[in-house]
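# Structural features, examined
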Number of protein chains: 2
Amino acid sequence: MPVLHHFWLCPFSRKVRVVLGEKDIRFELAFEKYWERSAEFLALNPAGQVPVLVEDDDVPLADSAAICEYLDERNPDRPLIGFDARARAETRRLVAWFDGKFFEEVTRNVVDEKVMKRFMRMGHPDSAAIRAGQQNLAYHLEYIGWLTERRNWLAGDDFSLADIAAAAHLSCVDYLGDVSWSDYQAAKDWYARVKSRPSFRSLLSDHIPGLTPPKHYADLDF
Amino acid sequence: MPVLHHFWLCPFSRKVRVVLGEKDIRFELAFEKYWERSAEFLALNPAGQVPVLVEDDDVPLADSAAICEYLDERNPDRPLIGFDARARAETRRLVAWFDGKFFEEVTRNVVDEKVMKRFMRMGHPDSAAIRAGQQNLAYHLEYIGWLTERRNWLAGDDFSLADIAAAAHLSCVDYLGDVSWSDYQAAKDWYARVKSRPSFRSLLSDHIPGLTPPKHYADLDF
C-alpha cells in the first residue's frame, strides 16, 4: 500500500491526502517530524519537506504539486486539474495562489507561529505575525467568495485541485479557530460543500496531541 | 503576438522566456514594475506578480508554473516536462526545488537584497541576508553537480523544465557576479551547455539600466 509521509498541520500534506481520497486510492499515513531532518527522511526527500509519497518499492515522490500532477495523470478517471489547456492553467494559477500567496500571507504567519514553533522548539510565537496573518485571511476569504459568486467551484464548473488546495490551507487555520466564518458567507458556503466530500473526512478527524480543535472544525453544519 | 509581462531579474519570468524560446514561439516583452501594483496590472493578475502571458485578446495567464505547463501542453512537439508520469514527477520535483527552495535560500537573499530593494525603494541591503544567500548557493551548486554526474541533464536524459528553472535562478545570481564558477566544475559544465542554447540568448543580452553584469555573464566560454 502507498505510504504518505506527512505532518498534520502541513497544508501541502493535506492537499495530497484529499487528492488520494478523491482518486479512491487507499494509503497509509506516516507521521514525520521533518524538521528533525533524520537521515532516513532525507534519503526519501533531500529537500527535507513533507509530503512524500512512497509507492511499493519505487522511487519516492516529493513535492506536493509534483505528487498531485502525478496522481492526476495516473488516475485520469476523475480529472482534478481540468480538461482543456486554458482551464488547466486557471486551476494551476489558483493552486499557486493558495500554495504560494495564501501560504506566505496566512498559513505561515498563523500556523507556524502558533504551532510549528512549539513543535520545533524555536521560541515563542510572534504575536505581530499572527495578527498580520489573521488580517490577510480576510482578503483571501473575500477572494474565495468573489470566485464562487461567479463560478460553481473556484476554478470553474467542476470541483478541482484549486478547491482542494484552498481548503487544505483553510483547514489548518480553522483547526486553530482563526476563521470567523460568519463574516464571510459565500466562502463559508463553499467550504461547507468541500467539507461534506468523503475525501475530506480524514482531515476533519485529525486530532493533534495537545491541541484540540474548536467544536465547529469537524462539524459539517458549522 | 503574445506579450509576456516580466521583470529582468525575476527568475520566474526568465523561466517562461526560455520555455517560449524552446517552443519557438515569438513574443514581445513588456517590462512591468509589478511592485507599484497599478490597476492595469492587477487586472491582468490579481496576485500582482510577474510573469503574466497575454495571448491575443484572451484571458491573461498568470503564475510561471501554470504558464509553463500550459505552453508544454499546447506545444507538445518538444516536451519539456517528460514522457511518462514518473519522469514528469521528477522534473516537477526539481522545478519546485529551484522555484521554492533555491528561491527562498539564494535568489531572494541575494537578488532581492542587492537589487530589488533599490528598485522598490525599500531601504538598504541586508548584508547578513546576502552572505547567507551566497553560502546557501554552494550547496545548490553541489546538488547540480551531483545530479549531472549521474544524469545527462538535471531530471534525466533530456533537457527539461528542471534545467530551465535552475538556470533561470542561477542566471539572476550570476548577473550580480555572485557565482564562483571555478569552484564547481560539474555545475559549470552543465550551465555552459544551458547557456549555449538559442533559447537562452535573450537572457544573456539583458542589460538592466544602472546595473552592468560581469564580463563572464554573457560569455559562453566563461
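Starting afresh in each chain, residues are numbered from 1 along the sequence in its written order. Starting at A for chains and at 1 for ligands, labels are handed out in the order in which the entities are written. The model is predicted, so local features are restricted to residues of pLDDT at least 70 and side-chain atom pairs to those at 80 or more, both for listing and for counting; the totals for chains, interfaces and linings are taken over all residues. As a rule here, side-chain values come from all non-hydrogen atoms in the structure, and water together with hydrogens is ignored.

With that out of the way, let us pick up the overall build of chain A. Secondary structure elements are defined from DSSP: runs of H or I of at least 4 residues count as helices, runs of E of at least 2 residues count as strands, and each element is numbered from the N terminus. Each helix and strand in chain A was counted, giving 8 helices and 4 strands. Sequence-ordered secondary structure for chain A, helices as α and strands as β, is β-α-β-α-β-β-α-α-α-α-α-α. The reference for a compact globule is 2.2 Å times residues^0.38; the radius of gyration itself is calculated from the C-alpha atoms. Computed over the C-alpha atoms, the radius of gyration of chain A is 17 Å, within 12% of the 17 Å expected from 2.2 N^0.38 for a compact globule of 222 residues. Projected onto its principal axes, the C-alpha positions of chain A cover 45 × 45 × 25 Å.

Here the focus is unusual backbone geometry. A cis geometry characterises the amide bond from A:V50 onward to A:P51, with omega recorded as 0 degrees. By the secondary structure assignment, A:P51 is in the loop between helix 2 (39-44) and strand 3 (52-54). Phi is positive for B:D63, close to 80 degrees, though the residue is something other than glycine. The backbone of B:R121 shows a phi angle near 55 degrees, a positive value even though the residue is not glycine. Inspection of the secondary structure assignment puts B:R121 in the loop between helix 4 (85-120) and helix 5 (127-148).

The next point concerns the packing of helix 5 of chain B against helix 7 (residues 185-195) of chain B. Any two packed helices are characterised by the angle at which their axes cross and by the distance between the axes. All names here are of chain B. Here, axes are lines fitted to C-alpha atoms. For helices the fit covers the stretch in contact, and angles between N-to-C directions go from 0 to 180 degrees. Between helix 5 and helix 7, the shortest axis-to-axis distance is 7 Å and the interhelical angle comes to 75 degrees. Put simply, helix 5 runs roughly perpendicular to helix 7. Contacts from L141, I144, G145 and T148 in helix 5 reach A186, A187 and W190 in helix 7. Here the residues of the contact of helix 5 with helix 7 sort into 5 nonpolar, 2 polar and no charged. Convention used here: angles under 35 degrees read as roughly parallel, angles over 145 as roughly antiparallel, angles from 65 to 115 as roughly perpendicular, and any remaining angle as oblique. Only heavy atoms enter the contact rule, under which two residues are in contact if any of them lie within 4.5 Å. Throughout this entry, Asp, Glu, Lys and Arg are counted as charged residues, while Ala, Val, Leu, Ile, Met, Phe, Trp, Tyr, Cys and Pro are counted as nonpolar. The remaining residues, Gly among them, count as polar.

Before going further, it helps to examine the domain arrangement of chain A. All names here are of chain A. In this entry, domain limits derive from an automatic or database-based domain assignment. In terms of domain boundaries, chain A breaks down into domain 1 (3-74) and domain 2 (85-205). A straight line from the C-alpha centre of domain 1 to that of domain 2 covers 20 Å. Across the contact, 17 residues belong to domain 1 and 25 residues belong to domain 2. Accessible-area loss on putting two parts together, using a 1.4 Å probe and summing over both, is the definition of buried area adopted here. Counting each side, the surface lost to burial between domain 1 and domain 2 is near 1900 Å², with a carbon and sulfur contribution of 70%. By convention in these notes, a salt bridge is any Lys or Arg side-chain nitrogen within 4 Å of a carboxyl oxygen on Asp or Glu. Between R92 and E69 there is a salt bridge; the shortest N-O distance is 2.7 Å.

On to the pairing of strand 1 (residues 3-6) of chain A. All names here are of chain A. What makes two strands pair is DSSP finding at least two bridges between them. Across 4 bridges, the pairing between strand 1 and strand 2 (residues 28-31) is parallel. Following the sheet pairing, H5 is matched in strand 2 by A30. For the crossover that starts at strand 1, traverses helix 1 (residues 11-22) and ends in the parallel strand 2, the hand is right-handed. Summarising the sheet, strand 1 and strand 3 pair through 3 bridges and their orientation is antiparallel. In the strand pairing of strand 3, V3 is matched with V54. For the handedness criterion, the strands are oriented away from the viewer, and a crossover whose path from the first strand over the helix to the second runs clockwise is classed as right-handed.

What follows covers the interface of chain A and chain B. If you look at the interface, chain A gives 26 residues, while chain B gives 26 residues. Across the chain A to chain B interface the summed buried area is about 2300 Å²; carbon plus sulfur atoms make up 52%. Among the residues chain A hides against chain B, the three largest losses belong to A:E73, A:R86 and A:R92. Together they make up 27% of the total. Here chain A and chain B share 12 salt bridges between them. B:R92 serves as the salt-bridge partner of A:E73, at 3.1 Å between the closest nitrogen and oxygen. The term polar contact refers here to a pair of N or O atoms within 3.5 Å; inside protein, the definition further demands a hydrogen-donor-capable atom paired with an acceptor-capable atom, and it admits residues adjacent in sequence only when both atoms are side-chain atoms. Across the contact surface, chain A and chain B share 10 residue pairs in polar contact (both at pLDDT 80 or more). Examining the composition of the side of chain A that touches chain B, we find that 11 residues originate from one element, helix 4 (residues 85-120) of chain A, more than from any other. Classifying every residue of the side of chain A that touches chain B gives 13 nonpolar, no polar and 13 charged.

Residue and element names in this part refer to chain B. Mapped onto the secondary structure, R17 falls in helix 1 (residues 11-22). For R17, the side chain forms a polar contact with the side chain of S202, separated by 3.0 Å. With sequence-adjacent residues up to four places away left out, R17 is seen in contact with L4, H6, W8, F27, L29, S202, L203 and D206.

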